[in-house]
Each structure stands twice: as C-alpha cells, then as structure tokens.
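# Structural characterization, general
Read off the chains here:
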Amino acid sequence: MSMAAMIEVYCPECADLRVFEQPPCVDGHGMDCPEWLCLTCGTALLIGVPVELREQLPRTFSSRAA
Ligand SMILES: [Zn+2]
Ligand SMILES: [Zn+2]
C-alpha cells in the first residue's frame with residue numbers, strides 16, 4: 001500500500017498545473033476517495049466527483065422513490 005496515486009491538475013492556489021497526491025483516506029472512501037493534496041502548496045481538492053455534470057443538472061430535480 002505504498003504506491004500513492006498521483007495526478008496533474010490545475011491548482012487554484014498555485015494558479016498552475018501541479019502534481020496532486022491522494023492521501024490515505026480516513027473516511028472509508030477507499031479507491032473512490034475524492035480528496036487530493038497539492039504537493040506544492042498542500043491545498044486539498046475534491047477531485048473525481050462529477051462537479052461539471054452536477055452543475056448542468058437542475059438542483060431542484062430529485063427523483064427518489066419514497
Ligand atoms: Zn476519503
Ligand atoms: Zn498548489
């Protein structure tokens with residue numbers, strides 16, 4: 001379990017592309033943990049959640065079978 005996943009995404013703090021590392025998840029998300037840390041400034045970002053998709057959907061729309 002020593003292989004940390006790393007991705008390169010835009011960091012709002014650094015205002016540039018930075019390498020992000022996924023810290024050990026303590027919330028039980030496992031491989032699906034959306035938390036990533038910028039190795040340069042330490043900013044935590046939530047990546048992996050479909051933010052763009054969510055913005056396109058009407059917020060009031062919810063179809064849950066009661
Ligand atoms: Zn997590
Ligand atoms: Zn950064």
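Scroll up a little and you will see the structure.
This section reports on the structure supplied with the text. (Residues numbered from 1 in each chain as written. Chains lettered and ligands numbered in written order. Predicted model: local features only at pLDDT ≥ 70, side-chain atom pairs only at ≥ 80, totals over all residues. Heavy atoms only, no water.)

## Overview of the pairing of strand β2 (residues 16-21)
Here six bridges tie strand β1 (residues 6-11) to β2, and the two strands are oriented antiparallel to one another. What sits directly across from Y10, in β2, is L17. Hairpin connection of β1 to β2: four residues between the antiparallel strands, including A15 at a positive phi of 55 degrees. As paired elements, β2 and strand β3 (residues 35-38) share two bridges and run antiparallel to each other. When the sheet's bridge partners are listed, E21 is paired in β3 with L37. (Pairing = 2+ DSSP bridges. Helix = DSSP H or I, 4+ residues; strand = E, 2+ residues; numbered from the N terminus.)

## Quick look at the coordination of the zinc ion (ligand 2)
For the zinc ion (ligand 2), the full set of protein donor atoms is C11 (SG), C14 (SG), C38 (SG) and C41 (SG), and the range of their distances to it is 2.2 to 2.4 Å. One can describe the donor arrangement at the zinc ion (ligand 2) as tetrahedral, given that its four donor atoms subtend angles of 104 to 115 degrees at the metal. Of note, the donors binding the zinc ion (ligand 2) are all from one chain and are spaced C-x2-C-x23-C-x2-C. With C11 in strand β1 and C38 in strand β3, the pair connects residues that are 27 residues apart, well separated along the chain. Grouping residues by exposure puts C11 and C38 together as buried. (Donors = N, O, S within 2.8 Å, 3.2 Å for Na, K, Ca; no water. Tetrahedral: all angles 85-135°; square planar, octahedral: opposite > 155°, others 65-115°. Buried < 20%, exposed > 50% of the residue type's maximum accessible area, 1.4 Å probe, protein only.)

## Quick look at the coordination of the zinc ion (ligand 1)
Geometry reference: four tetrahedral donors at a metal, ideal angle 109.5 degrees. Six octahedral donors, ideal angles 90 or 180 degrees. At the metal site, the zinc ion (ligand 1) is ligated by C25 (SG), H29 (ND1) and C33 (SG), and these contacts range over 2.0 to 2.3 Å. For the zinc ion (ligand 1), the donor residues sit on a single chain with the sequence spacing C-x3-H-x3-C. The class for C25 is partly exposed, based on a relative accessible area of 28%.

## What to know about the side chain of T43
Within the element layout of this structure, T43 appears in the loop between β3 and β4 (44-46). You can call T43 buried: its relative accessible area is 18%. Beyond its immediate sequence surroundings of up to four residues, T43 is in contact with C11, E13, F20, W36, L37 and C38. (Contact = heavy atoms within 4.5 Å.)

## Quick word on a nonpolar patch on the surface
Together, M6, V19 and L39 make up an exposed nonpolar region whose accessible area comes to about 250 Å². If you trace the backbone, M6 turns up in strand β1. (Patch = residues over 30% accessible without salt bridge, like charges linked within 9 Å, V, L, I, M, F, W, Y side chains within 5 Å. Areas by Shrake-Rupley, 256 points an atom, 1.4 Å probe, with all protein chains shown as cover. Salt bridge = Lys/Arg side-chain N within 4 Å of Asp/Glu carboxyl O.)

## Side note on the pattern of salt bridges
Going through the model one piece at a time under the given rule, you end up with one salt bridge. Where D16 meets R18, a salt bridge forms, and the shortest distance between an N and an O atom there is 3.8 Å. Among the residues examined, R18 registers a relative accessible area of 24% and is labelled partly exposed.

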